[in-house]
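Here's the letter readout for the chains.
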Amino acid sequence: AQSVTQLDSQVPVFEEAPVELRCNYSSSVSVYLFWYVQYPNQGLQLLLKYLSGSTLVKGINGFEAEFNKSQTSFHLRKPSVHISDTAEYFCAVSSNAGNMLTFGGGTRLMVKP
Amino acid sequence: GAGVSQTPSNKVTEKGKYVELRCDPISGHTALYWYRQSLGQGPEFLIYFQGTGAADDSGLPNDRFFAVRPEGSVSTLKIQRTERGDSAVYLCASSQIGTGGNEQFFGPGTRLTVL
């Protein structure tokens, strides 16, 4: 069984400030890791994913995430956020067995001017 | 090309009624997934199709829920005797193949409200 924990349900931040959204997972097998973003009234969109290789993964819109196997974490970061980054962010894991995603509860990023 | 589409976008029904939710995946995608997202929570897996067959239905909450994909493309999620607790956004996703790490492309969802 797999599980994902997003420790922060809401993260308020000022525009142009850096941000980190935390994600921890547990699994008995090797996993693949994803971050999805959900803008208001829109579907889920893939930001980035970790499959193997380099632990630092770069995604769209200036986001990046680092896979830390020893800490079972996959935190999402952006050095300078924009108002347009206001959205719900979901961390998810899958395995080779079918590829169904297990999601965390989500973190609402609120960027203030 | 066209993304994943879902119809209807909104469905309001009364407790005890039967509903069908439709998903049109991206053309050529063999894997199709259904998820349910309750208010303030992350999506939860319901069922996964590889081609026409349900490869994993372990996420279906009970036998009131059923899904089909008869021709390996369009899928329909069917809910019998709806209950107020079924109210949620039902998401469909597809991917090229159903192996680990393949990106799933999500539709906009169907918001189901059971009165």
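Keep in mind the model is a prediction, meaning the values are calculated, not measured.

Below, the discussion takes up the overall build of chain B. Counting its regular elements, chain B contains 0 helices and 11 strands. Ordered by position in the sequence, the α and β elements of chain B form the string β-β-β-β-β-β-β-β-β-β-β. Taking 115 residues into account, the globule formula puts the C-alpha radius of gyration at 13 Å, and chain B, at 13 Å, falls close to it. For chain B, the proportion of its 115 residues judged to be buried stands at 46%. Pairs at least 24 apart in sequence give 54% of the contacts found in chain B among residues at least 6 apart. Accessible surface for chain B amounts to roughly 5400 Å². Of this, 47% is attributable to carbon and sulfur atoms. Between the centroid of the 11 positive side chains of chain B and the centroid of its 11 negative side chains there is a distance of 7 Å.

All right, on to the sheet that holds strand β3 (residues 19-24) of chain B then. Residues and elements named next belong to chain B. Taken together, 4 strands build an open sheet; the order of strands is β1-β3-β8-β7 and the sheet is antiparallel. Each end of this open sheet is capped by a strand with a single partner; those strands are β1 (5-7) and β7 (65-68). Going from strand to strand, the sheet's axes swing by 15 degrees on average, the running direction of each strand aside. As paired elements, β1 and β3 share 3 bridges and run antiparallel to each other. Bridged to T7 within β3 is R22.

On the chain B side, the residues contacting the 20 residues of chain A number 23 residues. Carbon and sulfur atoms supply 56% of the area buried between chain A and chain B, which totals about 1500 Å² over both sides. Here chain A is connected to chain B by 0 salt bridges. One can count 3 residue pairs in polar contact (both at pLDDT 80 or more) joining chain A with chain B. Put simply, the parts of the chain that give the side of chain A that touches chain B at least two residues each are β5 (32-38), β6 (44-50) and β10 (87-94) of chain A. With 4 residues, the top contributor of residues to the side of chain A that touches chain B is β5(A). Residues belonging to the side of chain A that touches chain B are distributed by class as follows: 10 nonpolar, 9 polar and 1 charged.

Turning our attention to the pattern of salt bridges. Residue and element names in this part refer to chain A. Tallied over the full model, the rule gives 9 salt bridges over all chains. For R77, the salt bridge identified is with E66, shortest N-O distance 3.5 Å. You can see R77 sitting in strand β9 (residues 73-78) and its partner E66 sitting in strand β8 (residues 64-68), a full 11 residues away along the chain. On the basis of relative accessible area, R77 is assigned to the partly exposed category, the value being 27%. Under the relative-accessibility criterion, E66 is labelled partly exposed at 33%.

The next subject is the environment of A:L44. Inspection of the secondary structure assignment puts A:L44 in strand β6. Taking C-alpha positions, A:L44 is 16 Å from A:S84, a pair spaced 40 residues apart along the chain. In this view, A:L44 contacts A:Y36, A:V37, A:Q38, A:F90, A:F103, B:P43, B:L91 and B:F106; residues no more than four positions away in its chain are not counted.

Residues and elements named next belong to chain B. Enumeration according to the criterion identifies 2 disulfides over all chains in this entry. There is a disulfide in this structure between C23 and C92, and the S-S distance comes to 1.8 Å. Around the S-S axis, the bridge from C23 to C92 shows a dihedral of about -65 degrees and counts as left-handed. Taken as a pair, C23 in strand β3 and C92 in strand β9 (residues 88-95) lie far apart in primary sequence, 69 residues in all. For C23, a relative accessible area of 0% corresponds to the buried category. Residue C92 is classed as buried on the basis of its relative accessible area of 0%.

What counts as what
- Residues numbered from 1 in each chain as written.
- Chains lettered and ligands numbered in written order.
- Predicted model: local features only at pLDDT ≥ 70, side-chain atom pairs only at ≥ 80, totals over all residues.
- Heavy atoms only, no water.
- Helix = DSSP H or I, 4+ residues; strand = E, 2+ residues; numbered from the N terminus.
- Rg over C-alpha atoms; globule rule 2.2 N^0.38 Å.
- Buried < 20%, exposed > 50% of the residue type's maximum accessible area, 1.4 Å probe, protein only.
- Contact = heavy atoms within 4.5 Å.
- Areas by Shrake-Rupley, 256 points an atom, 1.4 Å probe, with all protein chains shown as cover.
- Lys, Arg positive; Asp, Glu negative; His and termini not counted.
- Charge placed at Lys NZ, Arg CZ, Asp CG, Glu CD.
- Pairing = 2+ DSSP bridges.
- Axes fitted to C-alpha atoms, helices over the stretch in contact; angles between N-to-C directions.
- Buried area = accessible area lost by both parts, 1.4 Å probe.
- Salt bridge = Lys/Arg side-chain N within 4 Å of Asp/Glu carboxyl O.
- Polar contact = N/O pair within 3.5 Å; in protein donor to acceptor, adjacent residues only side chain to side chain.
- Nonpolar A, V, L, I, M, F, W, Y, C, P; charged D, E, K, R; others polar.
- Disulfide = S-S within 2.5 Å.

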